[in-house]
Structure formats: structure tokens, C-alpha cells
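# Coordinate inspection notes
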Amino acid sequence: MHIPDGILPASVCITGYAATGGFTWYSLRQINRDPNPQENIPKASLLTAAFFVASWIHIPIPPASVHLILNGLLGTMLGYYAFPAILIGLFFQAIMFQHGGLSTLGVNATMFGVPAILAYHLFQLRLKFDKDNRVVTGIFAFIGGAGGLGIATLLFFALVITNIPATIDASAEKMAISGLVLAHIPLMAIEGAFTTAVALFLKQVKPELLESQ
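Keep in mind that what you see is a predicted model, and the values were worked out from it rather than measured.

Another aspect to go through is the packing of helix α5 (residues 105-124) against helix α6 (residues 134-161). Across the interface, α5 lies against α6 with an axial gap of 8 Å and an inter-helix angle of 155 degrees. The angle between the axes of α5 and α6 places the two elements in the roughly antiparallel class. Regarding α5 and α6, the two cross each other, and that crossing is right-handed. Judged by residue contacts, Val107, Met111, Phe112, Pro115, Leu118, Ala119, Leu122 and Phe123 of α5 engage Thr137, Phe140, Ala141, Ile143, Gly144, Gly148, Ile151, Ala152, Leu155, Phe156 and Leu159 from α6. Looking at side-chain class alone, the contact of α5 with α6 contains 16 nonpolar, 3 polar and no charged residues.

The subject of this paragraph is the nonpolar core. Counting residues in each nonpolar core, the largest one holds 51 residues, and the members touching the most others are Leu74, Leu78, Phe112 and Phe156. If you list the elements that add at least two residues to this core, you get α1 (10-31), α2 (41-54), α3 (71-78), α4 (82-97), α5, α6 and α7 (170-205).

Applying the stated criterion across every chain, the model contains 8 aromatic pairs. Judged by centre distance (5.7 Å) and plane angle (75 degrees), the ring pair of Tyr26 and Tyr80 falls under edge-to-face. In this pair, Tyr26 is assigned in helix α1 and Tyr80 in the loop between α3 and α4, connecting sequence segments 54 residues apart. Given the relative accessible area of 13%, Tyr80 is considered buried. A centroid spacing of 5.0 Å and a plane angle of 85 degrees characterise the contact between Trp56 and Phe97, whose relative ring orientation is edge-to-face. Residue Trp56 is located in the loop between α2 and β1 (58-61), and its partner Phe97 is located in helix α4; the two are separated by 41 residues in the primary sequence. Site record: aromatic cluster; members linked through ring pairs are Tyr26, Tyr80 and Tyr120. For Arg126, the ring lying beneath its charged end belongs to Phe123, and the centroid distance is 4.0 Å.

The next point concerns the environment of Thr24. Along the chain, the position of Thr24 falls in helix α1. On the accessibility criterion, Thr24 (16% relative accessible area) is buried. Separated by 23 residues in sequence, Thr24 and Leu47 place their C-alpha atoms 17 Å apart.

Turning next to the layout of surface pockets. Taken as a whole, the largest pocket holds about 280 Å³ of empty space. Lining the largest pocket are 20 residues, with Pro4, Phe156, Val160, Glu173 and Leu180 sitting closest to its centre. Those elements that provide at least two residues to the lining of the largest pocket are β2 (64-67), α6 and α7. Of all the elements, α7 adds the most residues to the lining of the largest pocket, at 5 residues.

Definitions and cut-offs
Residues numbered from 1 in each chain as written. Predicted model: local features only at pLDDT ≥ 70, side-chain atom pairs only at ≥ 80, totals over all residues. Heavy atoms only, no water. Axes fitted to C-alpha atoms, helices over the stretch in contact; angles between N-to-C directions. Helix = DSSP H or I, 4+ residues; strand = E, 2+ residues; numbered from the N terminus. Parallel < 35°, antiparallel > 145°, perpendicular 65-115°, else oblique. Left-handed = near helix turned anticlockwise from the far one by under 90°. Contact = heavy atoms within 4.5 Å. Nonpolar A, V, L, I, M, F, W, Y, C, P; charged D, E, K, R; others polar. Core = buried A, V, L, I, M, F, W, Y, C linked by side-chain atoms within 4.5 Å. Buried < 20%, exposed > 50% of the residue type's maximum accessible area, 1.4 Å probe, protein only. Phe/Tyr/Trp six-rings, centres within 6.5 Å; stacked < 30°, edge-to-face > 60°. Lys NZ or Arg CZ within 6 Å of the ring centre and 35° of its normal. 1 Å grid on protein atoms, 1.4 Å probe; cavity = no way out; pocket = protein on both sides within 12 Å on 5 of 7 lines; lining within 4 Å. Points joined across faces, edges and corners; volume = space filled by probe spheres on them.

Here you go:
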């Protein structure tokens, strides 16, 4: 679901970089408000690596083949650390494997990173209920994991569908994009379930990791 080079006009790419700069600054500002901002760096590094390799895990879902994104997982587990983690992961995906692109790095970072932050806030809604209840934790972890990907998918659809080049068959391209978006609905359930499993595992073995976001 990464947007490659050459798809979006320069104005959109520049806007994407500006948005990414703003969200990175805001995320780092929130991180620096932590009493010990270095505490979550090992966890962020581990999940950045998971995000980096996730794009190589392809799942055939007709009419397309999709790959794991895990931005909802990063948001749920990392909070504001998720945005710079995703930005770093996307950068290395682009330069090492040409997955995405450098001109669209800002757009992709915003497309995946903002939903990750929203996933974090969705997961934090559990605090309004019984945060020690495993069922509550599991439900909101699923919402965060699935919701992060779902919001990113909607942003991808809006960006690509509104910037289809005039030189190609617009109707065929819209059909292909719609098919790709629909294929991500089952993936939302998969990523939601995976995020739930990670959250419940951490709650059992090291619950402080869920509280130190």
C-alpha cells in the first residue's frame, strides 16, 4: 500500500514532507515530556524493525495480494514514538528495497503515521473502563490495530484516486484501486487480532510496557 515515486504530483509530495515535518516535531515534543524519554527506545527499535520487515510478508487476498503494515500495532504499543519509528522504517524500505519512494516518503509517513497516533488514542480509551481487565485490553487493542490500518487505507484511497494521471485509463485504475482497498478489509482483522495477541501477552508477562507509552 506504499505510494511509489511518480504517482503523485510534486505539490502533493511537498505537502507530504511539510506534514511529516510537523507531525515529527509534535511527536518528539510529546516524547520529551516523558520523565525518561529514553525508556521506550529499545521497544521502539524492536517495533521499527518489525515494521521494516512486515512489508515482505504477503498474504493473497483476491483480487490482490496484500502485505502486513503494522502501523496500528506500532501506535498501540509505542504512542508518539510510533511516528518517528514509521518514518525511519519507511526511509530504509525506500532506499534498500525501493518499496515506496523518496519523493513520496513524506506522504507515506503521514499516511501511516497519523493513523498510528490515532490508534494509540483509541487504545488509551481502555483507561476509561477497567484497564486491568484482559477483555477490555483485548477489545481496544483490536480496535487500535485494525483502526490504524483502516484509516491508513482510507487515506491511501483518497490520495491515489484524486491524483490519477490523465494519461491512463481512469476507470480501470479506479477499479484496481478499489479492489486493493477491499482486499485490506480482511487484513484489518488480521492486524487487529495480532495486535490483540501482543497486548494480552505483554499484559501477562510485562504489563508495565503497556503503561509506559
